[in-house]
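Listed here are the chains, written in short residue letters.
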Amino acid sequence: MRQYHDLVNNILEYGVKKTDRTGTGTTSLFAAHLGFNLKDGFPLLTTKKTHFKSIATELLWFLKGKTDVKWLQDRGCSIWDEWATEEKCAKFNRPVGELGPVYGHQWRNSGASPVIMPDDTDEDTLYVRENDGVGPWSWLSTYQYSNNGTDQIQAAFELIKNNPDSRRIIVNGWNPNEATKVELPPCHTMFQFYVADGELSVHLFARSIDTALGLPFNIASYALLIHLFAYYTGLQPGCLAISITDAHIYDNHHEGLDLMLSREEFPLPTISIVDTEEGTLDELFYRLLNSEYEPEITVLNYQCHPAIKMEVAV
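Residues numbered from 1 in each chain as written. Predicted model: local features only at pLDDT ≥ 70, side-chain atom pairs only at ≥ 80, totals over all residues. Heavy atoms only, no water.

Enquirer: Provide a residue-level description of the overall build of the protein chain, including the pertinent values.
Expert: On a plain count of helices and strands, the protein chain comes out with 10 helices and 10 strands. For 314 residues, the compact-globule estimate of 2.2 N^0.38 gives 20 Å, and the C-alpha radius of gyration of the protein chain, at 20 Å, lies within 12% of that figure. By its C-alpha atoms, the protein chain is 60 × 45 × 35 Å across when sized along the principal axes. For the protein chain, buried positions account for 53% of its 314 residues. Put simply, of all contacts in the protein chain between residues at least 6 apart along the chain, 73% involve residues at least 24 apart. When the 25 positive and 42 negative side-chain charges of the protein chain are each reduced to one mean point, those points stand 3 Å apart. (Helix = DSSP H or I, 4+ residues; strand = E, 2+ residues; numbered from the N terminus. Rg over C-alpha atoms; globule rule 2.2 N^0.38 Å. Buried < 20%, exposed > 50% of the residue type's maximum accessible area, 1.4 Å probe, protein only. Contact = heavy atoms within 4.5 Å. Lys, Arg positive; Asp, Glu negative; His and termini not counted. Charge placed at Lys NZ, Arg CZ, Asp CG, Glu CD.)

Enquirer: Tell me what's going on with the packing of aromatic side chains, and back it up with residues and numbers.
Expert: On inspection of all chains with the given rule, the structure shows 16 aromatic pairs. Between Trp 61 and Phe 62, the ring centres sit 5.7 Å apart and the planes meet at 40°, which makes this aromatic pair tilted. Side by side, Trp 61 and Phe 62 carry an identical accessibility label, which is buried. Arranged with centres 6.0 Å apart and planes meeting at 75°, the rings of Trp 80 and Tyr 103 form a pair that is edge-to-face. (Phe/Tyr/Trp six-rings, centres within 6.5 Å; stacked < 30°, edge-to-face > 60°.)

Enquirer: For helix H2 (residues 52–63), give the residues involved together with the corresponding values.
Expert: Taking 1.5 Å of rise per residue, 12 residues should cover 16 Å, and H2 covers 17 Å from first to last C-alpha, within 8% of that figure. In terms of burial, H2 is a largely internal element, 11 of the 12 residues being buried. Buried within H2 we find Phe 52, Ser 54, Ile 55, Ala 56, Thr 57, Glu 58, Leu 59, Leu 60, Trp 61, Phe 62 and Leu 63. Looking one or two residues beyond H2, the residue adopting positive phi is Gly 65, at roughly 75°. (Expected span 1.5 Å × (residues − 1).)

Enquirer: Describe the nonpolar core, with residues and values.
Expert: Core analysis: the biggest nonpolar cluster contains 82 residues, and Leu 63, Trp 80, Trp 107, Phe 191, Phe 193 and Phe 229 have the highest contact counts within it. It is helix H8 (residues 214–233) that provides the largest number of residues to this core, a total of 13 residues. Leave out the neighbours within four places in its chain, and Phe 191 touches Trp 107, Ile 153, Ile 169, Ile 170, Val 171, Val 202, His 203, Leu 204, Tyr 222 and Leu 225. (Core = buried A, V, L, I, M, F, W, Y, C linked by side-chain atoms within 4.5 Å.)

Enquirer: Explain the packing of helix H7 (residues 152–162) against helix H10 (residues 281–290) residue by residue, including any values.
Expert: H10 packs onto H7 with a crossing angle of 165° between their chain directions and a minimal axis gap of 11 Å. Judged on the interaxial angle alone, H10 and H7 are roughly antiparallel. Here the hand of the crossing between H7 and H10 comes out right-handed. Within the contact between the two elements, H7 uses Ile 153, Gln 154, Phe 157 and Lys 161 and H10 uses Asp 282, Phe 285, Tyr 286 and Leu 289. Looking at the contact of H7 with H10 residue by residue, the class counts come to 5 nonpolar, 1 polar and 2 charged. (Axes fitted to C-alpha atoms, helices over the stretch in contact; angles between N-to-C directions. Parallel < 35°, antiparallel > 145°, perpendicular 65-115°, else oblique. Left-handed = near helix turned anticlockwise from the far one by under 90°. Nonpolar A, V, L, I, M, F, W, Y, C, P; charged D, E, K, R; others polar.)

Enquirer: Could you give an account of the sheet that holds strand E8 (residues 236–250), naming the residues involved and the relevant values?
Expert: Taking strand neighbours across the sheet as the criterion, the 6 strands line up as E1-E2-E8-E7-E6-E5 in an open arrangement whose pairing is mixed. Either end of the sheet is taken by a strand with one partner, and the two such strands are strand E1 (16–18) and strand E5 (170–172). Neighbouring strand axes in the sheet, compared pairwise and without regard to direction, differ in orientation by 20° on average. Across 3 bridges, E5 lies against strand E6 (residues 188–196) in antiparallel orientation. Bridging from a neighbouring strand, Asn 172 pairs with Met 190 of E6. (Pairing = 2+ DSSP bridges.)

Enquirer: Break down the packing of H2 against H8 for me, citing the residues and quoting the values.
Expert: In contact at an axis separation of 9 Å, H2 and H8 are set at 60° when each is read in the N-to-C sense. On the basis of the axis angle, H2 is oblique to H8. Between H2 and H8 lies a crossing of right-handed hand. For the pair H2 and H8, the contacting residues are Phe 52, Ser 54, Ile 55, Ala 56, Leu 59 and Leu 63 in the first and Phe 217, Ala 220, Ser 221, Leu 224, Leu 225, Leu 228 and Phe 229 in the second. Residues of the contact of H2 with H8, tallied by class, amount to 11 nonpolar, 2 polar and no charged.

Enquirer: Break down the environment of Phe 52 for me, with residues and values.
Expert: Mapping Phe 52 onto the fold places it in helix H2. Each C-alpha atom of the pair Phe 52 and Ser 221 lies 8.8 Å from the other, and the pair is 169 residues apart in sequence. When near neighbours in sequence (up to four residues on either side) are disregarded, Phe 52 contacts Phe 42, Leu 44, Leu 224, Ile 271, Ile 297, Thr 298 and Val 299.

Enquirer: Let's hear about the environment of Ser 28: which residues, and what values?
Expert: Here Ser 28 is to be found in strand E2 (residues 26–37). Of the residues examined, Ser 28 reaches a relative accessible area of 7% and is grouped as buried. When the C-alpha positions of Ser 28 and Thr 57 are compared, they lie 29 Å apart, and in sequence the two are 29 residues distant. With residues up to four places along the chain from it excluded, the contact list for Ser 28 reads Gly 15, Val 16, Lys 18, Asp 246, Ala 247 and His 248. A polar side-chain atom of Ser 28 sits 2.8 Å from a polar atom in the side chain of Asp 246. (Polar contact = N/O pair within 3.5 Å; in protein donor to acceptor, adjacent residues only side chain to side chain.)

Printed below as a string of structure tokens:
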């Protein structure tokens, strides 16, 4: 994780001051690049404790196509709560906790057509979540999405298995038609799989990343994504590359980062994935996507310094 520390130092030394939508203020660096060989260990930050359970829970939430924070909250994950308040959801006429077409929707039901609900539809009916076995509804408030979009995750899985040399194994989270219909449109906007020599790698493209709080989560999340896809496709984890257009540090994070930079690093941990049900790898991956099934995901030998409290800019 020395690369992460180097990036923080580069932003502080060479970054430029920029305003931002939160009004907090940032120091920003253009076009940052990071790379991690997963054979060296699982890239979970050791100079401040990073809550791995929340990272794994959020990733499963994305993969299952969910967009309501209740599923996260039921599993002790609160990282999306600030964007799911009554005030923020009311901007889009959604029930509290419903985020709209964010990551899970774009990954699993991209380009789906909204279904306009009648004005006299019973309010209780609008808030009932549905799942027809193909994919989840994005939301049910004043309108909903049909399940006629593209399941990019399933498509990527099939390409990795059947056409691993393809240069089109891409999942795109950015939909310009819906970027204004959510409080926080995707920051990590697109990722591409690469298969070679029996290893699976990913190149992530991000439009904007909060380097202090968001980036350690993003690094670990996409490393875990590689491990999961590699496990269910019979490959080995390869490398994670990350390209960031606007890598920034918020003005209220400098003190916390100074403390983090003063600490010595520990060796990287490893990751364990164990199935909790029986079935073929294909069957289990489909269950992971389309049911409440979750494999047992554990980080092993994680030695780290204490957490550092830093406020998220909303």
